[in-house]
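Spelled out from the first residue to the last, the chains are:
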Amino acid sequence: MTELIKTPRAGETLPVTAGKRTNPLANVFDELVRFAQSRSLFMLHYCTGCGAIELPPAMTSRFDMERLGIQPMVSPRQADILLVTGYVSVKTLKRVILTYEQMGSPKYVIGICSCTVNGGMYWQSYATAKKLNDYMPVDIYIAGCMPRPEAVIAGLRELMENIRQGKADSWKDYYRHYDHYLGHQQRLFGETWQTPTDVISEARHYGLFGPDTLGTHTALLEQHQKPLEALEMKVDIPELTARR
Ligand code: SF4
């Protein structure tokens, strides 16, 4: 739970504030909220690589992650955790970034499989992104080729504990260091890369706009950004067109 923070104007930066509040009752309330958050997590599993095959056993009757309060969710808007389950091809990474940006904060990323850590056995491939952490902040890695369901559950429990203790806040890095992440994305996809999400405004909204939010790469983004065009349905029936 965060206090209301003054939204900075364009070009203005605010110091990063963290830690305990002065009112002890507010701290108790914050701890209660964090406890509730850590016990009710919805997980969007983006089945990118072969590691996805270990997810069904982890969430069904034998290992049963639902007893921890973790359930699968199909939409990024209602999910807390983005689970990337293996190597990410360059083409897929665009969708993974778009999915991540659509999730509401606070949000957490788990990289499952060695391929998300350093490229794994595809470290030499021209078609895969090597370090997931270059493109979005990762909270926990679960290494292995592929990791067993026990390891997946152990990783999720560690994340739950980090959320309860208020340590799982890497999502804030995406706003504070947006220029860094965007730079890596542009290096892979080209300088015209953009998503429909306005991360810079979100950074201001969450009070996380800092000196590293903007930079040379966000300047390129502004240069190339096109306004989203409204979807238009065009009916191309010759008889109808002739009658008009
Ligand atoms: S670490 Fe192994 S199992 Fe996991 S995605 Fe890479 S190759 Fe597949």
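Report on the accompanying structure. These figures come from a predicted structure and were not determined experimentally. (Residues numbered from 1 in each chain as written. Predicted model: local features only at pLDDT ≥ 70, side-chain atom pairs only at ≥ 80, totals over all residues. Heavy atoms only, no water.)

With that settled, consider the pattern of salt bridges. For the coordinates displayed, the defined rule picks out two salt bridges. Here Glu150 ties to Arg148 by a salt bridge, and the two come within 3.0 Å at their closest N and O atoms. In this structure Glu150 comes out as partly exposed when scored by relative accessible area, which is 39%. Of the charged contacts, one joins Arg164 and Glu161 as a salt bridge, the two residues approaching to 2.7 Å between their closest N and O atoms. Remark: Glu161 and Arg164 occur in helix H5 (residues 149-164); sequence separation between them is three residues, near one turn of the helix. With relative accessibility at 31%, the residue Arg164 sits in the partly exposed group. (Salt bridge = Lys/Arg side-chain N within 4 Å of Asp/Glu carboxyl O. Buried < 20%, exposed > 50% of the residue type's maximum accessible area, 1.4 Å probe, protein only. Helix = DSSP H or I, 4+ residues; strand = E, 2+ residues; numbered from the N terminus.)

The environment of the ligand is formed by Cys50, Gly86, Tyr87, Cys113, Ser114, Cys115, Met121, Tyr122, Gly144, Cys145 and Met146. Classifying every residue of the shell around the ligand gives eight nonpolar, three polar and no charged. (Near = heavy atom within 4 Å. Nonpolar A, V, L, I, M, F, W, Y, C, P; charged D, E, K, R; others polar.)

The next thing to look at is the environment of Ile140. As for its placement among the helices and strands, Ile140 is situated in strand E7 (residues 140-142). Each C-alpha atom, one on Ile140 and one on Ile110, is 5.0 Å from the other, the two residues being 30 residues apart in sequence. Not counting chain neighbours up to four residues away, the residues in contact with Ile140 comprise Val109, Ile110, Gly111, Gly155, Glu158, Leu159 and Asn162. (Contact = heavy atoms within 4.5 Å.)

On to the nonpolar core. Across soluble globular proteins, nonpolar side chains have a tendency to be buried as a group. If you look at the biggest cluster of nonpolar residues, it comprises 55 residues, and the most contacted ones within it are Met65, Ile81, Leu82 and Leu93. For this core, the leading source of residues is H5, giving six residues. (Core = buried A, V, L, I, M, F, W, Y, C linked by side-chain atoms within 4.5 Å.)

What follows concerns unusual backbone geometry. Of note, the bond from Ser105 into Pro106 is cis; its omega dihedral lies within 30 degrees of zero at 0°. The residue Pro106 is located in the loop between helix H3 (90-102) and strand E5 (108-112) in this model. At the junction of Cys145 and Met146, the peptide bond is cis and its omega measures out at 0° in the coordinates. Examined against the element boundaries, Met146 turns out to sit in the loop between E7 and H5. Of note in the backbone geometry, Asp64 takes a positive phi value of approximately 55° without being a glycine. With respect to the secondary-structure elements, Asp64 resides in the loop between helix H2 (55-59) and strand E2 (70-72). Accessibility expressed as a relative area gives 27% for Asp64, which makes it partly exposed. Located in the positive-phi region is Cys113, a residue other than glycine, with phi close to 90°. Since its relative accessible area comes to 6%, Cys113 is described here as buried.

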